[in-house]
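Letter by letter, the chains look like this.
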Amino acid sequence: MTLLTYQVFKTVAEQGSFRKAADILGLTPSAISHAVSAMEGELGFTVLNRSKNGVTLTNYGEHLLPYVNAVLNSDESLQQAVSEFNGLKRGKVKLGCFSSVCTNWLPDIMRSFQKKYPDIEIEVFQGTYDDVVYWLKNGVVDLGFLSTSSAKDIPIEPLWRDPLLCIVPKGMQKQKESDFMDIEEMQNHQFVTQRESTDADIQNFLKENSLNVQSNYHVVDDLSTIAMVANGFGICLMPQMVMRDIPYEVDCYPVQPYAERVIGLATLHPEFMAPAVRSMYNHILENYREDF
């Protein structure tokens, strides 16, 4: 099998369509179909399910994709190394991030990096903590922003301490005269909560403090959560970074006991980064890390 065969398989898997893959790769749909069929013939098993609704990975295909990504990433690393030997800074960096990093940090990171390395392409993938972990482990992204608690067994370099806040409807009368919200006061309120894959650090805070929240509202993204709070459906916990430039009228209080999430930059194999990836990795650490 050739690198083109691997690229065809990867692109079809990502797009779920032979036609879309053909458009991206500049080939005909029949050439794409032929390449996949030849690959399956050589492997001895099918890697894609074909149906009227599109194309999906078979169980074999799902297990094979990370290895294909690894081969393609190794080839990209080789091409970048050759460019570096020739005095050029070229290549691609695939970066995974969650919402608040995407809105608060990423525009500045991309601008400053591309000013320094104009010939290095950046591809961004936004999702939840679980998405970023999956992308890192399966070779979809080279680098990923995660909280240190969500990284689990993936090597991560801490960057930023992000305090947790309690968010309440604007003007809500507190039970205690204080500038913070403690566990005793929080437990008397209805909560708006998110999936653990989205706010793992908040879920850890609740568990550590035996705070069994009552919630009828389970949403996915930060902005929807805050909108629910602003409209009086409960309170929530949010990292401070999320609350920058929020368009809803709410009040924010530090939590007691103090809690934070630590945002970090993760990569699966820090010792084997491609030149372009290492350039991005060092750029982020040098310019966006606070003292730890």
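Treat the numbers as computed from the prediction; the structure is a model and nothing was measured.

Definitions and cut-offs
- Residues numbered from 1 in each chain as written.
- Predicted model: local features only at pLDDT ≥ 70, side-chain atom pairs only at ≥ 80, totals over all residues.
- Heavy atoms only, no water.
- Phe/Tyr/Trp six-rings, centres within 6.5 Å; stacked < 30°, edge-to-face > 60°.
- Helix = DSSP H or I, 4+ residues; strand = E, 2+ residues; numbered from the N terminus.
- Buried < 20%, exposed > 50% of the residue type's maximum accessible area, 1.4 Å probe, protein only.
- 1 Å grid on protein atoms, 1.4 Å probe; cavity = no way out; pocket = protein on both sides within 12 Å on 5 of 7 lines; lining within 4 Å.
- Points joined across faces, edges and corners; volume = space filled by probe spheres on them.
- Nonpolar A, V, L, I, M, F, W, Y, C, P; charged D, E, K, R; others polar.
- Expected span 1.5 Å × (residues − 1).

A.B. asks: Before we go on, may I ask you to explain the packing of aromatic side chains in this structure?
C.D. replies: Two aromatic rings, taken as a pair, are described by how far apart their centres are and by the angle between their planes. Considering all chains together, one arrives at six aromatic pairs under this definition. Judged by centre distance (4.7 Å) and plane angle (35°), the rings of F45 and Y60 are tilted. Within this pair, whereas F45 is found in the loop between α3 (29–43) and β1 (48–51), its partner Y60 is found in helix α4 (residues 59–85), the two being separated by 15 residues in sequence. With a relative accessible area of 27%, F45 lands in the partly exposed category. Here Y60 falls in the exposed class, since its relative accessible area comes to 52%. Taken together, a centroid distance of 5.7 Å and an interplanar angle of 55° make the contact between F125 and W135 tilted. Taken together, the residues F125 in strand β4 (residues 120–126) and W135 in helix α7 (residues 129–137) connect sequence positions ten residues apart. Taking the relative accessible area as the measure of exposure, W135 reaches 15% and is therefore buried. In textbook terms, an aromatic cluster arises when at least three aromatic residues are bridged by ring pairs, as seen for W105, F145 and W160.

A.B. asks: Would you mind showing me how to read empty space enclosed by the protein here?
C.D. replies: To find the voids left in a structure, one rolls a probe of water-molecule size over its atoms. According to the stated counting rule, one finds one cavity of 30 Å³ or more in the structure shown. Quantified by volume, the largest cavity comes out at close to 60 Å³. Every residue lining the largest cavity is listed: F191, V192, T193, Q194, D199, I202, Q203, L206, T225, C236, L237 and M238. Those elements that place two or more of their residues in the lining of the largest cavity are β8 (190–194), α10 (200–208) and β10 (236–239). With four residues, the single largest contributor to the lining of the largest cavity is β8. The class makeup of the residues in the lining of the largest cavity is seven nonpolar, four polar and one charged.

A.B. asks: Help me understand helix α12 (residues 275–288), please; the structure alone is not making it clear to me.
C.D. replies: Count 3.6 residues to each turn of an α-helix, and residues three or four apart come out pointing the same way. Counted at 1.5 Å a residue, the expected span for α12 with its 14 residues is 20 Å, and the 20 Å between its end C-alpha atoms agrees. Of all 14 residues making up α12, ten are buried, and the element is well covered by its neighbours. Those residues of α12 lying buried are P275, A276, V277, S279, M280, Y281, H283, I284, L285 and Y288.

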